[in-house]
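So you can see what is in the structure, the chains are spelled out below.
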Amino acid sequence: MATVPEEVPPSMSRARAPQPANVPDDRVFEIDMYQLDGIEEGYHEAWKRVQQPGTPELIWTPFTGGHWIATNGQTVREIYGDPERFSSEVIFLPKEAGELYDMVPTRMDPPEHTPYRKALDKGLSLGQIRQVEEKVREVAVELIDGFAAAGQCEFSSEYAHIFPVRVFMALADLPMDDAEVLGRFAKMMTRPEGNTPEEMAANLDAGNKGLIDYVDPIIRARRGGSGDDLITVMVNAEINGELISHDKAQGLIALLLLAGLDTVVNFLGFMMLHLARNPELVAELRGDKIKLMRSAEEMFRRFPVVSEARMVAKDQEYKGVNLKHGDMILLPTALHGLDEAENPDPWKIDLQRRGMSHTTFGGGPHRCAGMHLARMEVICTLEEWFNRIPEFGLAPGAKPVFHSGIVAAVDNIPLVWPVGGRPS
Amino acid sequence: MTAITVTTREGVEHELRPQDGISVMEAIRESGIDELLALCGGCCSCATCHVFVDRDPVGQLPPMSADEDDLLESSSSRTDRSRLSCQLPVSAALDGLRITIAPED
């Protein structure tokens, strides 16, 4: 097993890029996607500060190498859905880091992207995912049974950080002991450490290389294999009539690991923190199986965790500014699900909400291939949790800690509940 | 009002008279037919409101988006009559529409 790389602590002085000639002064806002102002109050609350009445739909920040930011739902959705104007050639910020990242097929545009995406869809289709539901449910039950009698747990470290990882390790047929180091590589890639674009690029690159080196021998071993695990299916996929190349298979598996290890982890944390603070919502979900299953989407809308980017594919005028080929635009999905113009009363979990709109799974050709798995993981978690822990709350004095980045994070979620017939 | 006939997986026919403007998925759900899970509530992201259009009275169902096409592609029961019912808004033009709920994937 590989060693877990050390963490680099953040400093207060962040590098700033000079303002390019195509950026008007009234579009400049000081927003650091990795250290959002007000992050101590909450990740979604911090992003929402950016979306004020009168905020232009596209703004520019000097931090993280200098980049544009889409600030409302309509703009986020439109950019995701138009790969001819907004390319996936680079999708992570800072751009210096994003250029090093070689997951497949997230950095491809159609038509190159299409056959790789079809291979992914084959492994992650609704039908495939239904077949693994019992395995997923077993993982949830085992974890919850492990602490239910104790009357307390730290949800982030004892469930959220373990459940999706174990699910993924089971689906990919990988040893559970490797989960920690893979989790560390995933974090280096989604919240890279360092104070300059160059330092962050080096950290992201180290995480990326770590993942690639990890998957390399596994791919070689499973080529030509007949197993039905996710990795065997992917490394034996046909691309335009030929077996997928080794390099592309590496990128594809590394993407699966990254996507499976960090997104659901943090989404679950945000969701359970909210449920712990809203017992009436828990009671409503607990009493109605179908309502619970249908609530997952409203949770996805309310707690988006991803902020990736698109690269401007050609010089163009858009939203009143002149964009240059190569400019980067950050798409904070939090500013779509929580946009009043898209979802009235957006902070409320409304189980009767009609016409819901979100890009929590992205949009366009790269929309999350794992969304059926994510939805099922959320439903299994809620069902099995409520079966064993019907009432719970946040421990007195709890101080959850929030982090922003390509994938948002929340740590320190101590939950408590009554046990053994004693009132809490 | 628009009349839509829905056949369940067990072959039971229901005649619905939904209000205009809601989706066919919502019309089925509100009629109490629970076998149409429609998990995502109409975001076009889950493929659990899959139906077969048996008869399209005027040939004027809205065209299929790339998202809908991709989702249906992942269903093992897709046919050339497959649609996601959340993408079909009810209007007078759909009067006489007949659909069957697709098998669960």
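Report on the accompanying structure.

Analysis parameters
- Residues numbered from 1 in each chain as written.
- Chains lettered and ligands numbered in written order.
- Predicted model: local features only at pLDDT ≥ 70, side-chain atom pairs only at ≥ 80, totals over all residues.
- Heavy atoms only, no water.
- Helix = DSSP H or I, 4+ residues; strand = E, 2+ residues; numbered from the N terminus.
- Buried < 20%, exposed > 50% of the residue type's maximum accessible area, 1.4 Å probe, protein only.
- Polar contact = N/O pair within 3.5 Å; in protein donor to acceptor, adjacent residues only side chain to side chain.
- Contact = heavy atoms within 4.5 Å.
- Axes fitted to C-alpha atoms, helices over the stretch in contact; angles between N-to-C directions.
- Left-handed = near helix turned anticlockwise from the far one by under 90°.
- Nonpolar A, V, L, I, M, F, W, Y, C, P; charged D, E, K, R; others polar.
- Buried area = accessible area lost by both parts, 1.4 Å probe.
- Salt bridge = Lys/Arg side-chain N within 4 Å of Asp/Glu carboxyl O.

### Thoughts on the side chain of A:Arg117
Residue and element names in this part refer to chain A.
Consideration 1: Within the element layout of this structure, arginine 117 appears in helix H4 (residues 113-124).
Consideration 2: The exposure class assigned to arginine 117 is buried, which follows from its relative accessible area of 14%.
Consideration 3: From its side chain, arginine 117 meets the backbone oxygen of proline 365 in a polar contact 3.4 Å long.
Consideration 4: Ignoring anything within four residues of it in the chain, the contact list for arginine 117 reads Pro105, Pro365, His366, Arg367, Cys368 and Ala369.

### Details of the packing of helix H9 (residues 179-190) of chain A against helix H10 (residues 197-222) of chain A
Residue and element names in this part refer to chain A.
Consideration 1: Two numbers describe how H9 lies on H10: the axes approach to 7 Å, and their chain directions differ by 145°. The handedness of the crossing between H9 and H10 comes out as left-handed. Judged by residue contacts, Leu182, Phe185, Met188 and Met189 of H9 engage Asn203, Leu204, Ala206, Gly207, Asn208, Gly210, Leu211 and Tyr214 from H10.
Consideration 2: Grouping the amino acids of the contact of H9 with H10 by side-chain chemistry returns eight nonpolar, four polar and no charged.

### Brief notes about the interface of chain B and chain A
Consideration 1: Opposite the 22 residues of chain B that make contact, chain A presents 18 residues.
Consideration 2: Of the roughly 1800 Å² buried between chain B and chain A, counting both surfaces, carbon and sulfur atoms make up 50%.
Consideration 3: Broken down residue by residue, the surface that chain B buries against chain A is led by B:Leu39, B:Ser45 and B:Asp105, which jointly contribute 29%.
Consideration 4: Joining chain B to chain A, the criterion identifies two salt bridges.
Consideration 5: With a closest N to O distance of 3.9 Å, B:Asp67 and A:Arg367 form a salt bridge.
Consideration 6: On inspection of chain B and its partner chain A, the count reaches seven residue pairs in polar contact (both at pLDDT 80 or more).
Consideration 7: Counting only elements with at least two residues in the side of chain B that touches chain A, the list comes to helix H1 (24-30) and helix H2 (66-73) of chain B.
Consideration 8: The element that contributes the greatest number of residues to the side of chain B that touches chain A is H2(B), accounting for three residues.
Consideration 9: Split by residue class, the side of chain B that touches chain A holds eleven nonpolar, four polar and seven charged.

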